[in-house]
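Report on the structure
In case you want the letters, here they are:
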Amino acid sequence: DGGITQSPKYLFRKEGQNVTLSCEQNLNHDAMYWYRQDPGQGLRLIYYSQIVNDFQKGDIAEGYSVSREKKESFPLTVTSAQKNPTAFYLCASSIEPGREQYFGPGTRLTVT
Amino acid sequence: KQEVTQIPAALSVPEGENLVLNCSFTDSAIYNLQWFRQDPGKGLTSLLLIQSSQREQTSGRLNASLDKSSGRSTLYIAASQPGDSATYLCAVRTPQGAQKLVFGQGTRLTINP
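Nothing here was measured: the structure is a model prediction, and the numbers come from that model.

**A word on the nonpolar core**
Nonpolar side chains tend to gather and get buried jointly when the protein is soluble and globular. Ranked by internal contacts, the top residues of the largest apolar core, which has 23 residues, are Leu33(B), Trp35(B) and Leu75(B). Apart from residues no more than four positions distant in its own chain, Leu75(B) is found in contact with Leu19(B), Val20(B), Leu21(B), Trp35(B), Leu47(B), Leu48(B), Leu62(B), Asn63(B), Ala64(B) and Tyr88(B). Grouped together as the second largest cluster of nonpolar side chains are 20 residues, Leu11(A), Leu21(A), Met32(A) and Cys91(A) included.

Written out as structure tokens, the structure reads:
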């Protein structure tokens, strides 16, 4: 059963702590993406990766970091430098850059 | 810079009606346009993707049209059902950033039984 999994579904952290969100896909897709969604707003791109061991900043990369050591995995770390980390985070993948994107179920991060 | 707008932000209609959701974009030089559905607290489900060379795409009760010259797309939903209640988002991919989607804010649709 192919798809994109994100874990956990809900995540709570104290201010000042780094936190890593997981994204795994078994679709054999080359490209993967991280988006952030705030209430009543569209999605904004944080980072994307076109291929293993490569990634580029999106529109709102400050305070975030990623790695792409395996084709299947694209974890996102929200660092303490991110000023407003509370949001809904969505991971997506596509068979190659520019093709149709498929989304995971999302992780809701709350930082207090 | 490409900007995508969806109006209205919310729409409520009785079950059985046909309806149209609107999406406009500022730069007509797009690679493709994608419509998504999002249920509360969930991820996005791709509904339709229209390439820049196409005028429309159909899937079941859904029909999406694209008019690049005017910077507009519409999503037509026929014979609406309560299960269609969700937020609908459109997103465009521009040639300059072919791997990046620019999203609208979405239209929250409620179908009343």
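Structure shown, so let's carry the discussion forward.
**With respect to the interface of chain A and chain B**
Taken together, the 23 residues of chain A in the interface contact 20 residues of chain B. Regarding the contact of chain A and chain B, the summed buried area is about 1,600 Å², with carbon and sulfur atoms giving 54% of it. When the buried surface of chain A facing chain B is broken down by residue, Gly98(A), Glu100(A) and Phe103(A) rank first, second and third, together holding 28% of it. Our enumeration of links across chain A and chain B arrives at four residue pairs in polar contact (both at pLDDT 80 or more).

**What to know about the packing of aromatic side chains**
Overall, the coordinates contain eight aromatic pairs over all chains when judged by the stated rule. Both rings, one in Phe103(A) and one in Phe36(B), keep their centres 5.4 Å apart while their planes meet at 85°; by these two values the pair is edge-to-face. Of this pair, Phe103(A) sits in strand β10 (residues 102–103) while Phe36(B) sits in strand β4 (residues 32–38), which puts the two residues in different chains. By relative accessible area, Phe103(A) is classed as buried at 11%. Assessed through its relative accessible area of 0%, Phe36(B) is described here as buried.

Definitions and cut-offs
Residues numbered from 1 in each chain as written. Chains lettered and ligands numbered in written order. Predicted model: local features only at pLDDT ≥ 70, side-chain atom pairs only at ≥ 80, totals over all residues. Heavy atoms only, no water. Core = buried A, V, L, I, M, F, W, Y, C linked by side-chain atoms within 4.5 Å. Buried < 20%, exposed > 50% of the residue type's maximum accessible area, 1.4 Å probe, protein only. Contact = heavy atoms within 4.5 Å. Buried area = accessible area lost by both parts, 1.4 Å probe. Polar contact = N/O pair within 3.5 Å; in protein donor to acceptor, adjacent residues only side chain to side chain. Phe/Tyr/Trp six-rings, centres within 6.5 Å; stacked < 30°, edge-to-face > 60°. Helix = DSSP H or I, 4+ residues; strand = E, 2+ residues; numbered from the N terminus.

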